[in-house]
Amino acid sequence: MSEFVEAVDIEVTVNGKTYQRSVEPRLLLVEFLREELGLTGTHIGCDTSYCGACTIHMNGAPVKSCTLFAVQADGQTLTTVEGLATDAGLHPLQKAFSEHHGLQCGYCTPGMLMSAKALLERNPNPSDKEIKKQIAGNVCRCTGYQNIIKSVHAAAAEMRES
Amino acid sequence: MEMKFNGEFKVAIPRQEAFDLLSDPQKFAPLLPTFHSMSMKDDKTATVKVKVGIGKIHGVAATELTLEEAQEPLRAEYVGRGKVMGGAYNMIAGFDLEEAGSDTLIKWRGETQMYGKILSLAGGSMRGYAESEINRLIGSLQLALSPEAEAAAIVAARQAAKPQGLWQKLLALFGLWSPPLPAAPAREVASKEEPAAAVRLLAKPPTRKVLKADVAPAALSRTEVGESIEMDRHGNPTWVGSHLRRKEDSRLVRGRGLYVDDYQSSDMLHLAVVRSPYAHAKILSIDVSEAEALPGVITTLTGAEIASVMQPYMQIGPEPGANIKDYPMAVTKTIYQGEPVVAVVAETARIAADAAELVNVDYEALEPVTSAEDAQHDKSIIHPDMGTNHNWHGIFEYGDLDQAFAEAAHVVKIDRLHFHRFSSTPLETNACVATWDKRGDIDFFTTNTFPAIAMQMMAPALGVSLDNIRCRTHDIGGSFGNKITSYPGMTIAALASRKLGGRQVKWIETRNENLLAGGHGGERTFLDTEVALDADGVITAIRSRHLDDCGAFPRYEPLGCAIWSQVLPATMKLRNIRVDFNQYITNKCPAVPNRGYSRLQHLWFMERVLDICGHQLGMEPDEIRRRNYITEFPYTTPNGCVYDSGDYLKMLKTAQDLLGWDEWKEKQRQARAEGRWLGIGIGTTLDSGSNNFAQAQIVNPDAPFSGNSEVCTLKVGLDGSIVAALGTVPSGQGHETATAQVVADVLKGVGPDLIHVHAGTDTARNAYSGHSGTYASQFAVTGLSAVHGAAVKLRKELLAVGAYALQASEDELEFGEGEMGAQLSVPGTDKVIPFMYLSNIINTNNAGLPPELDEVTLNVRHVFRPKFEVPDLKRKYGNLTLTYAAQLHIAVVEIDKYTFVPQILDYVVVDDCGTQINPKIVEGQVHGATAHGLGAALMEQYLYDASGNLLTSSFSDYTPITAMNMPDLKCASQESPSPFSYNGAKGCGEGGGAPLHTLSAAIQDALAGEDVVVGDTFGSPTAIYDLLHGKGRRTTVTHESRSAA
Ligand code: FES
Ligand code: FES
């Protein structure tokens, strides 16, 4: 119920850029990213923290941005799917997902990429099982996961080589 | 046209070093932003190739760059000459170097003159290109001339990777070329050719004077995301059949798709829906005053208000269902939990949601009807105008049942089988942005995947012409048929927009709303089944009574009452069938088409019957299938459908080999000896695609539908680009890629990279018919036939114009790619003309054209209509579908004796969808359909309690299948080309629900010693526990054997 609660000033660094905004305390982080910053790559697929379409990194760790308030990100450093590609081009995961058909409609993809990235950062050579566990909180309704797992392996291999 | 530019910048290196770089073409050339390659003609002159492109036209251009003057260490000047895009240019680029302490000040100037056609085609935009390209070049130079090791390394790396080239840069200087991928701000750049150096420089420009401020990243448009697909056919002679990466991926992996909720604008309003908490209740009163008083709320809409400004939607079915008053909101009573009761429009989505909670509605609960079996008794009538809950009834009878049963060696009776409620729950929910402007036009940016039907439903109800409605889509987060019936939500948003003078109104379902009211797959109960078999275990006849539960409103129903009969005998050769088919209204969420729509229920039933019979006769599941499979194609079914091609026996063999059937059988014997529940199940299924809408006349002879059609428009744009627009509405199936493959094969020599396919559909592009959409596994056939037809027409026109322009005969001409993109040429001569000129001749420079080109527009539209007849409605006989893809799955399942969890130990999938257009996409569809079937068989169900409350109305309760629950699939495919499609392809998107049959069979086999019959599609641990403990409804089977015992 909206009693008018005072907006709170926050400062958040997203994909290397720092933003200062005044937000309602109840604004979800995913809403903040999408509506305030226009970073619509992070998606919303559910309302019970189940689907993972909203996965981003906060201080390097994957979080479901629908499960945090924007005010909880005050002073934190975030990365969203828009921050994956660099000057050198696409992230190996982005390339591998395309190469191995790890996406169809693409709605789950940003969250999948961010979850997978967190895994590869701590485990450069994950097993099938480890990959499945990592994306257990990311629902994909299109691919049946087979090619997502393949894509993560391929990206891991590329990252190990480079 | 002449352009001059100049400027200066300072670099922190000595003058001599700067001069050394600037005066060496080999070092200078690779700095060009679109550098491709170069070779040295002599030590002063380089022949440089650069990738060039304006708009959608891409090519490679060669130019000669000569170091005309080198006055060490003061001055270096290059002169260049070349031909580009139908024109010629001369250029000068000069650098004067002055010492500034230990630094060097570089004053530069560039001049260019351009001649020829290029100016008329691109002249206006030339200066802007030139400016931005110069900025990039200067940026590159500054980096290259900076003392930082990093810079040197980057340049060195580039030189190593591409031993030459610079020259493009100067071309770029002239603005003649912009890179194929946008070069500007760094992050978005992905081209392999893209020089990282230049890009970096622009990202953090050192002190310099530039012509203009840098373009901010925000100014980049979406089209700047490249859509380059793999150009390697891996030895395949055609683009069709090649494993290509998808055009779509480029934007989607970057998070740059455009789904409905991504579209935002500052004056947009947001709509929230108040929904009924009751399955069946009278609305006593509605009070919106508190909600409307909330600051930020703009308006509210009740069902009564909506009913006063629109007519109920057309009903597809005949009476009594035709009498249903179907409005998008409850008017006097609610008939399912989650039905819209009030809409609230506010400035933000959050205010709208808050206000929805302030709406007070008083209800009086009525008796709910929660199953088709209960609905039969009409104790509580859901639609008073209908007078009954029985929405549709028809008898499908073929052959001679009495004789078949009289001659039977075995008769097996099954009292009840049940197919549960689930759906594919696309990850993006239903959504739209509606704008009903003051001229009376309604614009929908929508997720609806069958806009042709949505428009035909909405236009008469809203009292507008169909032509007043525009539906457009872009990226859609999955549909699987579920989004076909999103038009009630669209209607509410449109009416809100009209009420508010044409403001944009956005409607986004929450997941909870989607599960409650976004549409459920159909539920079906099969009663009193009797099966006749001969002594060899061949089924000769089946008779049965089917009750379909379509929920509270039929909407797309009762089409499903006929659609199942596309696969009447499943994969079996029996000729005698009688199905007494009924559909009932219940107080549950309205049914929608769901992947495998209406056929998968029937296919599961037929396979379950086959396995139950096999079990009764003591016959192995593979053996009974071999005896019953249809083996000759094309095969006309008892109801006149024609199975185009296939080889089910071969699929079975392949699947058994892939599984290691004998080894698993051996393991199963051991497991059983140890008292373990290990089962092996086979499921065969059909995916019938491209349906004949005349089946609507089977459910309602007055239905104004028959046949099928799909549309593609294809043109060569004013700038020579090749652009396709489709009537199909992709939601992840890769239509852009497949379309480009087909067009590229027709314009042999022009690659798919040069074919631009609009994302999504837009009725304003005039590329749709009354059947347009994505459903019923038909893109590969109807969609691509339309594309192919359009490509053939365009090819013809291009050849006609080419022959005229080059003064050659059409058969001398060859398509290809040149420096200006797609072109026609006469091989062995210097006659060549790019598409840009062909378009120029027809569209912008067309005085004095000869009469034989009068009909040529280079903008063609093709409508594909498969050859269908209206069936014999009385006999319900005729061909209902064009193609029949098939799948065969085998599962090995072990059920834990303590937890009752069925664990999949091995899983094999063999599919046959005829000729594969893009094997990668086919594989993806096969995997996805398998996951849906497995999820439905093991985890996913819409579970209602006796009061009609949905108990699984969040993802946490509905539990869509995750990676943890998916077995590793072993896949194989075979190709039985369809004789009925131009390309041999068959639709393959739905998959036919094979995992449901397969898992039921495997669970049954695992429980073989337990004296239970698997009679329900849902095989969760709880369901298995209940089955084994006699809870819930049991299935009883009797077997009467009349053969010699
Ligand atoms: S939207 Fe965050 S988990 Fe589903
Ligand atoms: S690609 Fe559609 S949900 Fe994963």
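Residues numbered from 1 in each chain as written. Chains lettered and ligands numbered in written order. Predicted model: local features only at pLDDT ≥ 70, side-chain atom pairs only at ≥ 80, totals over all residues. Heavy atoms only, no water.

Focus: the pattern of salt bridges
Cut-off, in case you're wondering: By salt bridge we mean one thing: a side-chain nitrogen of Lys or Arg within 4 Å of a carboxyl oxygen of Asp or Glu. Only DSSP runs of H or I reaching four residues or more are called helices, and only runs of E reaching two or more are called strands; each is numbered from the N terminus. Only protein chains enter the accessibility calculation, which uses a 1.4 Å probe. A residue is then buried if its area is under 20% of the maximum for its type, exposed if over 50%, and partly exposed in between.
Evaluated as defined, the whole model comprises 60 salt bridges over all chains. Arg350(B) serves as the salt-bridge partner of Glu31(A), at 3.2 Å between the closest nitrogen and oxygen. Within this pair, whereas Glu31(A) is found in helix 1 (residues 29-36), its partner Arg350(B) is found in helix 10 (residues 349-358), the two belonging to separate chains. With respect to burial, Glu31(A) and Arg350(B) carry one shared label: buried. A salt bridge links Asp443(B) to Arg472(B); the nearest nitrogen and oxygen atoms lie 2.9 Å apart. Of this pair, Asp443(B) sits in strand 17 (residues 442-446) while Arg472(B) is found in strand 18 (residues 469-472), placing the two residues 29 residues apart along the sequence.

Examining the interface of chain A and chain B
Filter applied, for reference: In what follows, a contact means two residues having at least one pair of non-hydrogen atoms within 4.5 Å. When two parts are brought into contact, each loses some accessible area as probed by a 1.4 Å sphere; the total of that loss over both is the buried area. We define a polar contact as two N or O atoms separated by no more than 3.5 Å, with the added condition that, inside protein, one atom must be a possible hydrogen donor and the other a possible acceptor, whereas residues neighbouring each other in sequence contribute only through side-chain atom pairs.
Counting residues at the interface gives 55 residues for chain A and 63 residues for chain B. Approximately 5,100 Å² of surface area, both sides summed, lies buried where chain A meets chain B, with 53% of it carried by carbon and sulfur atoms. Among the residues chain A hides against chain B, the three largest losses belong to Tyr50(A), Asp87(A) and Arg141(A). Together they make up 17% of the total. At the junction of chain A and chain B, the tally comes to 32 residue pairs in polar contact (both at pLDDT 80 or more). Tallying contributions element by element places helix 2 (residues 92-99) of chain A first for the side of chain A that touches chain B, with four residues.

Digging into the packing of helix 2 of chain A against helix 3 (residues 109-122) of chain A
Residues and elements named next belong to chain A. Under the convention used in this document: Inter-axis angles, ranging from 0 to 180 degrees, are taken between N-to-C directions of lines fitted to C-alpha atoms, where helices are fitted over the stretch in contact. Should an angle fall under 35 degrees it is taken as roughly parallel, and over 145 as roughly antiparallel, whereas 65 to 115 is taken as roughly perpendicular and any remaining angle as oblique. Crossing handedness follows the turn of the near helix against the far one: under a right angle anticlockwise gives a left-handed crossing, and clockwise gives a right-handed one. Polar here means any residue outside two lists: the nonpolar Ala, Val, Leu, Ile, Met, Phe, Trp, Tyr, Cys and Pro, and the charged Asp, Glu, Lys and Arg; Gly therefore counts as polar.
Two numbers describe how helix 2 lies on helix 3: the axes approach to 10 Å, and their chain directions differ by 125°. In terms of orientation, helix 2 and helix 3 fall into the oblique class. Here helix 2 runs over helix 3; the crossing is right-handed. Between helix 2, through Leu 93, Gln 94 and Phe 97, and helix 3, the contact on the second element is made entirely by Thr 109, Met 112, Leu 113, Ala 116, Lys 117 and Leu 120. Partitioning the contact of helix 2 with helix 3 into residue classes produces six nonpolar, two polar and one charged.

A closer look at the sheet that holds strand 4 (residues 61-64) of chain A
Residues and elements named next belong to chain A. As a reminder of what qualifies: Paired strands, in this sense, are two strands between which DSSP finds at least two bridges.
Sheet architecture is open: five strands sit in the order 2-1-5-3-4, paired in mixed fashion. Only two strands of the sheet have a single partner each, and these edge strands are strand 2 (17-23) and strand 4. Neighbour-to-neighbour, the strand axes of this sheet turn through a mean angle of 40°, independent of strand direction. In terms of strand pairing, strand 1 (residues 8-14) meets strand 5 (residues 77-79) through two bridges, oriented parallel. Paired with Val 14 across the two strands is Leu 78, which belongs to strand 5.

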